[in-house]
Amino acid sequence: MHLSASAILFGQPIWDPVVLLSRFNQPVVALIALIALLLATLNTNVAANVVSPSNDFSNLRPSLISSRIGGLITGVVGICMMPWKLLADFSSYIFGWLVGCSALLGPIAGIMICDYYIVRRRQLFLEDLYRRGGRYEYGNGFNGKAIVALLTGIAIALVGLALPSLHFLYDYAWFVGFLLAGAIYYALMAGDRER
């Protein structure tokens, strides 16, 4: 059962802020809240959802893709993802999109934290981070052991989608992926630990 202030005030939980604001009968309150919602949405979406991917696209081929073109590509990809379908139902958004993303992000966090705090004991050689042939280049810039740990953590967390008896793995995908990928990465990097 979902409890929220909207359930108490209006008799049903309302997760969409626009629908919630439409329920207020005071025009001044609704107008101020809608302006605040508009500003917050624009600031959050531009900073979090456009700047980073536009730079990523630009870095793929700087001679062809400027930051502005990267932003346009980001917009097209965003439309192709059909976000209105995600927002049509809170269940598909929370249990589909957010939990699915957590299955991808948990293993990344587990590997990064394990690498920095356990494998490297918080000691990084900064020059080697930027040097060709440095200790962090591995095989052509990719750490194969980290990729194996990442893919394994993601796969195990997503097994819950295919097997109903293991659905708890998907329900707790971030934690499952975080712990498994971190442990697998630690085991694979046993011989590479810096002294």
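Everything numeric in this text was worked out from a predicted model, so none of it was measured.

Conventions and cut-offs
- Residues numbered from 1 in each chain as written.
- Predicted model: local features only at pLDDT ≥ 70, side-chain atom pairs only at ≥ 80, totals over all residues.
- Heavy atoms only, no water.
- Helix = DSSP H or I, 4+ residues; strand = E, 2+ residues; numbered from the N terminus.
- Rg over C-alpha atoms; globule rule 2.2 N^0.38 Å.
- Buried < 20%, exposed > 50% of the residue type's maximum accessible area, 1.4 Å probe, protein only.
- Contact = heavy atoms within 4.5 Å.
- Areas by Shrake-Rupley, 256 points an atom, 1.4 Å probe, with all protein chains shown as cover.
- Lys, Arg positive; Asp, Glu negative; His and termini not counted.
- Charge placed at Lys NZ, Arg CZ, Asp CG, Glu CD.
- pLDDT = per-residue confidence, 0-100.
- Salt bridge = Lys/Arg side-chain N within 4 Å of Asp/Glu carboxyl O.
- Expected span 1.5 Å × (residues − 1).
- Bend = angle between axes of the 7 residues up to and from the residue.
- Polar contact = N/O pair within 3.5 Å; in protein donor to acceptor, adjacent residues only side chain to side chain.

## Side note on the overall build of the protein
- Counting secondary structure elements, the protein contains 10 helices and zero strands.
- Reading the helices (α) and strands (β) of the protein from amino to carboxyl end gives α-α-α-α-α-α-α-α-α-α.
- A compact globule built from 195 residues should have a C-alpha radius of gyration of about 16 Å, whereas the protein, at 22 Å, is more than 25% larger.
- Seen along its three principal axes, the alpha-carbon backbone of the protein occupies a region of about 65 × 50 × 30 Å.
- Looking at the protein residue by residue over its 195 residues, the buried ones come to 24%.
- Summarising the internal contacts of the protein: among those between residues at least 6 apart in sequence, 52% fall at separations of at least 24.
- Carbon and sulfur atoms form 70% of the exposed surface of the protein, whose accessible area is close to 13600 Å².
- Side chains of the protein carry 13 positive and 10 negative charges; the gap between the two charge centres is 4 Å.

## Overview of the confidence of the model for the protein
- Per-residue pLDDT for the protein averages 86, and the proportion of residues at 70 or more is 97%.
- Helix H10 (residues 173-188) holds the highest mean pLDDT among the elements of the protein, 95, whereas helix H1 (residues 5-10) holds the lowest, 78.

## Considering the pattern of salt bridges
- For the coordinates displayed, the defined rule picks out four salt bridges.
- A salt bridge links Arg120 to Asp115, with the shortest nitrogen-to-oxygen separation between them at 3.0 Å.
- Relative accessible area serves as the criterion here: at 16%, Asp115 is assigned to the buried category.
- Here Glu137 ties to Arg132 by a salt bridge, and the two come within 2.7 Å at their closest N and O atoms.
- On the basis of relative accessible area, Glu137 is assigned to the buried category, the value being 16%.
- Overall, the relative accessible area of 69% leaves Arg132 in the exposed class.
- Where salt bridges share partners, they join Asp128, Arg131 and Arg135 into one cluster.

## Some remarks on helix H8 (residues 144-162)
- Taking 1.5 Å of rise per residue, the 19 residues of H8 would be expected to cover 27 Å, and the 27 Å separating its terminal C-alpha atoms lies within 8% of that figure.
- Of all the bends in H8, the greatest measures close to 25° and is centred on Ile156.
- Of all the positions in H8, only Ala146, Ala149, Gly153, Ile154, Ala157 and Gly160 are classed as buried.
- The N-cap residue of H8 is Asn143: its side-chain oxygen and the backbone nitrogen of Lys145 are 3.1 Å apart.

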